[in-house]
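Chain by chain, the residues:
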Amino acid sequence: TVFSKLLGLITLLLGVALSFVTWFSTRLFIDDNTFLIHNLTTDAAERSAKLVRAEFEHAIEKMRFVGRFVTTSSPNSDARKLFLQDFFAREKQLMGLIVFETMSNTSHDIALSPALASSYPDPAPLLSLVRELSGFDLEQVKAGDVQMSVYELPDGTLSLLLGIPFARNEQSKSILVGVL
């Protein structure tokens, strides 16, 4: 009887020890995998954020470059037409650029890609859309904030509207609204 009690106690202790080791190793395995998944997700999100940031910086740089050219060139000059034709043929990302004067809130210059110009032969509806688009506030851009909003082109394509502050000189401040 003492032997059976001792054998039962040793068996119970061995079973409890095995259960604890199994539970503890499973817990460590789950925590290790959770940590690994968290790190992989964080790394992927960081890489994606850097890529998106670089894409936006590149788009803004192009918008400012075209904005400078458009605002300093004559609207009907052949050089401007050739430049914009060549630019929009090479750059599929930027589909249009609208320059708004901050004082009068009127559009100063408009440069549209052939694809966008075919959707908007008269740019008035596009200008109205920019002024009235929900979540896109020209007043915020005037205050120095960048604004973004998604909208649908007449052909059903989703596009991004990006508004950035743009100063041509100290007396004349403008807003660039890019259609990406």
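Only a predicted model underlies this, so the values are computations on that prediction, with no experimental measurement involved.

Parameters and conventions
- Residues numbered from 1 in each chain as written.
- Predicted model: local features only at pLDDT ≥ 70, side-chain atom pairs only at ≥ 80, totals over all residues.
- Heavy atoms only, no water.
- Phe/Tyr/Trp six-rings, centres within 6.5 Å; stacked < 30°, edge-to-face > 60°.
- Buried < 20%, exposed > 50% of the residue type's maximum accessible area, 1.4 Å probe, protein only.
- Helix = DSSP H or I, 4+ residues; strand = E, 2+ residues; numbered from the N terminus.
- Contact = heavy atoms within 4.5 Å.
- Arc of directions from axis to C-beta.
- Salt bridge = Lys/Arg side-chain N within 4 Å of Asp/Glu carboxyl O.
- Expected span 1.5 Å × (residues − 1).
- Patch = residues over 30% accessible without salt bridge, like charges linked within 9 Å, V, L, I, M, F, W, Y side chains within 5 Å.
- Areas by Shrake-Rupley, 256 points an atom, 1.4 Å probe, with all protein chains shown as cover.

Caption draft 1: Representation of the packing of aromatic side chains within the structure. Following the criterion strictly, the structure yields five aromatic pairs and no others. Residues Phe87 and Phe88 carry aromatic rings whose centres are separated by 5.4 Å and whose planes lie at 75° to one another, so their mutual orientation is edge-to-face. Phe87 sits in the buried class, given a relative accessible area of 10%. Each residue in the set Phe65, Phe83, Phe87 and Phe88 is aromatic and connected to the rest through ring pairs, giving one cluster.

Caption draft 2: Examining the side chain of Lys62 more closely. Structurally, the position occupied by Lys62 is in helix H1 (residues 2-72). Leave out the neighbours within four places in its chain, and Lys62 touches Phe87, Glu91 and Gln93.

Caption draft 3: Representation of helix H4 (residues 124-132). Three or more residues of H4 are buried, namely Leu126, Leu127 and Val130. Seen along its axis, H4 keeps its buried residues to an arc of 100°; they face one direction.

Caption draft 4: Layout of the side chain of Ser149. Its place among the elements puts Ser149 in strand S3 (residues 147-152). According to the relative accessible area criterion, Ser149 is buried, its value standing at 9%. Excluding residues that lie within four positions of it along the chain, Ser149 makes contacts with Leu133, Ser134, Gly135, Phe136, Ser159, Leu160 and Leu161.

Caption draft 5: Region of the structure containing the pattern of salt bridges. A full pass over the atoms with the stated rule returns five salt bridges. A salt bridge links Arg27 to Asp31; its shortest N-O distance comes to 3.3 Å. Placement of both Arg27 and Asp31 in helix H1 is noted, with a separation of four residues, approximately one turn of the helix. Its relative accessible area of 39% is what places Arg27 among the partly exposed residues. Since its relative accessible area comes to 37%, Asp31 is described here as partly exposed. Glu57 serves as the salt-bridge partner of Arg53, at 3.1 Å between the closest nitrogen and oxygen.

Caption draft 6: Quick peek at helix H2 (residues 78-90). Compared with the 18 Å implied by 1.5 Å per residue over 13 residues, the 18 Å span of H2 between its first and last C-alpha is a close match. Buried within H2 we find Arg80, Leu84, Phe87 and Phe88. Relative to the axis of H2, the buried residues are bounded by an arc of 90° and lie together on one face. Exposed and oriented more than 90 degrees from the buried face of H2 are Asp78, Ala79, Leu82, Gln85 and Arg90.

Caption draft 7: The arrangement of a nonpolar patch on the surface in detail. Together, Leu6, Leu9, Ile10, Leu12, Leu13 and Val16 give the surface a local cluster of nonpolar side chains, amounting to about 590 Å² of exposed area. As for its placement among the helices and strands, Val16 is situated in helix H1.

Caption draft 8: Main features of the environment of Ile110. Considering the arrangement of structural elements, one finds Ile110 in strand S2 (residues 107-112). Linking Ile110 and Val70, residues 40 residues apart in sequence, is a C-alpha distance of 8.0 Å. Filtering out sequence-adjacent residues up to four positions away, Ile110 remains in contact with Arg80, Leu97, Ile98, Pro123 and Leu127.

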